[in-house]
Amino acid sequence: MAPALPRLLVTRRLPQEVENRLGKAYRAQLNADDHPMSEAEILQAAADKDALLITPMDQSFATGMIAKLPSSIKIIATFSVGHEHVDIAAARQRNITITNTPDVLTNATADIALLLILGAARGAYWGERMVREDRWNSWSPTEPLGFDVTGRRLGILGMGRIGQAVAKRAKAFDMELHYHNRRPVAADLTYGARTHADLYEMLPYCDFLSINCASTPETRGLVNEALIAKLPKGAIIVNSARGDIIDDDALIAALRSGRLAAAGLDVFRNEPKIDPRYRTLDNVFLLPHLGSATRDTRIGMGMRAADNLDAFFAGKRPVDSLT
């Protein structure tokens, strides 16, 4: 008799190709209507499972959920690169393997970072609104006007895979590149960017600041009033990393005062319940966390998560193991 397939709970709906694969390899409980599962609902569904496949929206895994999981749970695969929504230390204490999905979303997220730069600089929000609201009734040499991107100075905060991909794309716009990272990056991966060991030393060189670092205790709230004050007046900030890296009060105040010319944001603190003040600002280009939102990328992420699960249940260490 063949051994029973491992029991898997998937907390959100995934691309059909991924669910088909999981359905063949596991006794998988899927989320057919894609509703956000509550902590109580996840715990109830996990009672007879061996593994979980979760997403960044399952925030309770960072706030005590892992201690409540049944002893049958041996691995949690997260459908993301970031893992700040999982208490890694608590997982280690319970000998639960945690995996993520790096690499496959690098290009899609870097594309969004460039979209944010262009959208914020060229007034994509107010420009489209003029057309949609039928307020575009003439052409004027003087208004409305955006800001140049080509040849301007770009600072990249976080020079990992995505930061490097942003640098590669920005180079095509003849941008002067600067970066700050926890440690220097090999020169052949930086596309000529100048490294700055001190973040605050880099800031005066940033007409644009692209946030591409991970959300950690050290980076949460990092983009605050003091940091913004070191940027050139009229700088533009874009964030395609994590929303909690930005102090919303500081950013909104700087956008309202003109200290910053514009911002482009794909991620937010407490998303999707974002700070409503952002919706009142014409100089902010807003996207609903589209960084990895292409069909190919989401399928790739799901397949990477499935690869990790398969390796674990085959008695191997998953290539993307975080514990």
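Note that the coordinates shown come from a computational prediction; the quantities given were computed from them, not determined experimentally.

Conventions we followed
- Residues numbered from 1 in each chain as written.
- Predicted model: local features only at pLDDT ≥ 70, side-chain atom pairs only at ≥ 80, totals over all residues.
- Heavy atoms only, no water.
- Helix = DSSP H or I, 4+ residues; strand = E, 2+ residues; numbered from the N terminus.
- Buried < 20%, exposed > 50% of the residue type's maximum accessible area, 1.4 Å probe, protein only.
- Contact = heavy atoms within 4.5 Å.
- Areas by Shrake-Rupley, 256 points an atom, 1.4 Å probe, with all protein chains shown as cover.
- Lys, Arg positive; Asp, Glu negative; His and termini not counted.
- Charge placed at Lys NZ, Arg CZ, Asp CG, Glu CD.
- Pairing = 2+ DSSP bridges.
- Axes fitted to C-alpha atoms, helices over the stretch in contact; angles between N-to-C directions.
- Core = buried A, V, L, I, M, F, W, Y, C linked by side-chain atoms within 4.5 Å.
- Parallel < 35°, antiparallel > 145°, perpendicular 65-115°, else oblique.
- Left-handed = near helix turned anticlockwise from the far one by under 90°.
- Nonpolar A, V, L, I, M, F, W, Y, C, P; charged D, E, K, R; others polar.
- Phe/Tyr/Trp six-rings, centres within 6.5 Å; stacked < 30°, edge-to-face > 60°.
- Lys NZ or Arg CZ within 6 Å of the ring centre and 35° of its normal.
- Salt bridge = Lys/Arg side-chain N within 4 Å of Asp/Glu carboxyl O.

### So, the overall build of the chain
Line of reasoning, step 1. What the chain contains, in helices and strands, is 11 helices and 12 strands.
Line of reasoning, step 2. Overall, the chain is about 80 × 45 × 30 Å in size when its C-alpha atoms are taken along their principal axes.
Line of reasoning, step 3. The buried share of the chain, taken over its 323 residues, is 49%.
Line of reasoning, step 4. Residue pairs in contact within the chain that sit at least 24 positions apart in sequence constitute 63% of those at least 6 positions apart.
Line of reasoning, step 5. As displayed, the chain offers around 15800 Å² of accessible surface, 53% of which is attributable to carbon and sulfur atoms.
Line of reasoning, step 6. Computing the positive centroid from 39 side-chain charges and the negative centroid from 38, the chain places the two 3 Å apart.

### Remarks on the sheet that holds strand E8 (residues 194–195)
Two orientations exist for strands paired in a sheet by backbone hydrogen bonds: parallel and antiparallel.
Line of reasoning, step 1. Spatial strand order, E8-E7-E6-E9-E10-E11-E12: 7 strands in an open sheet with parallel pairing. Only two strands of the sheet have a single neighbouring strand rather than two, namely E8 and strand E12 (284–286).
Line of reasoning, step 2. Bridge count for strand E10 (residues 235–239) against strand E11 (residues 260–265) is 5 bridges, and the pairing is parallel. Pairing of Ile237 across the sheet is with Ala263, part of E11.
Line of reasoning, step 3. Lying over the sheet, helix H7 (residues 161–171) contacts strand E6 (153–157), strand E7 (176–180) and strand E9 (208–211), oriented at roughly 170° with respect to E6.

### A short note on the nonpolar core
Line of reasoning, step 1. Membership of the largest hydrophobic core comes to 30 residues, with the highest contact counts inside it found for Leu209, Leu231, Ile237, Leu260 and Tyr278.
Line of reasoning, step 2. With 5 residues, helix H10 (residues 248–257) is the largest single contributor of residues to this core.
Line of reasoning, step 3. Residue contacts for Leu260: discarding those within four places in its chain leaves Ile228, Leu231, Gly234, Ala235, Ile237, Leu251, Ala254, Leu255 and Asn283.
Line of reasoning, step 4. Listed in part, the 28 residues of the second largest apolar core include Ala110, Ala120, Met159 and Met175.

### Quick word on the packing of helix H5 (residues 106–121) against H7
Line of reasoning, step 1. Here H5 crosses H7 at 50°, and the two axes come no closer than 8 Å. One element, H5, and the other, H7, form an angle in the oblique class. Where H5 crosses over H7, the handedness of that crossing is right-handed. Residues Thr106, Asn107, Thr109, Ala110, Asp111, Ala113 and Leu114 of H5 touch H7, and the partners they reach there are Arg161, Ile162, Ala165, Val166, Arg169 and Ala170.
Line of reasoning, step 2. When grouped by side-chain class, the residues that make up the contact of H5 with H7 number 7 nonpolar, 3 polar and 3 charged.

### Side note on the packing of aromatic side chains
Line of reasoning, step 1. This structure, assessed with the given rule, holds 3 aromatic pairs.
Line of reasoning, step 2. Considering the side-chain rings of Phe312 and Phe313, the 5.1 Å spacing of their centres and the 90° angle between planes classify their relative orientation as edge-to-face.
Line of reasoning, step 3. Every member of this aromatic cluster is reached through a ring pair, and the members are Tyr26, Phe312 and Phe313.
Line of reasoning, step 4. In this structure, Arg194 is placed above the aromatic ring of Tyr205, and the distance from its NZ or CZ to the ring centre is 4.7 Å.

### Looking at the pattern of salt bridges
Line of reasoning, step 1. Counting across every chain of the model gives 21 salt bridges.
Line of reasoning, step 2. Between Lys49 and Asp48 there is a salt bridge whose closest N-O contact spans 2.7 Å.
Line of reasoning, step 3. Overall, Asp48 belongs to the partly exposed group, its relative accessible area being 40%.
Line of reasoning, step 4. A salt bridge links Arg277 to Asp275, with the shortest nitrogen-to-oxygen separation between them at 2.7 Å.
Line of reasoning, step 5. Accessibility expressed as a relative area gives 25% for Arg277, which makes it partly exposed.
Line of reasoning, step 6. Sharing partners across several salt bridges, the network here consists of Asp103, Arg161, Arg304 and Asp320.

### What about the pairing of strand E3 (residues 51–54)?
Line of reasoning, step 1. The two faces of E3 match: Ala51 and Leu53 on one face and Leu52 and Ile54 on the other face are all buried.
Line of reasoning, step 2. Bridge count between strand E1 (residues 7–10) and E3: 3 bridges; the pairing is parallel. Its bridge partner lying in E3, Leu8 is registered against Ala51.
Line of reasoning, step 3. In the sheet, E3 pairs with strand E4 (residues 75–78) via 4 bridges, with the strands oriented parallel. Bridged to Ile54 within E4 is Thr78.

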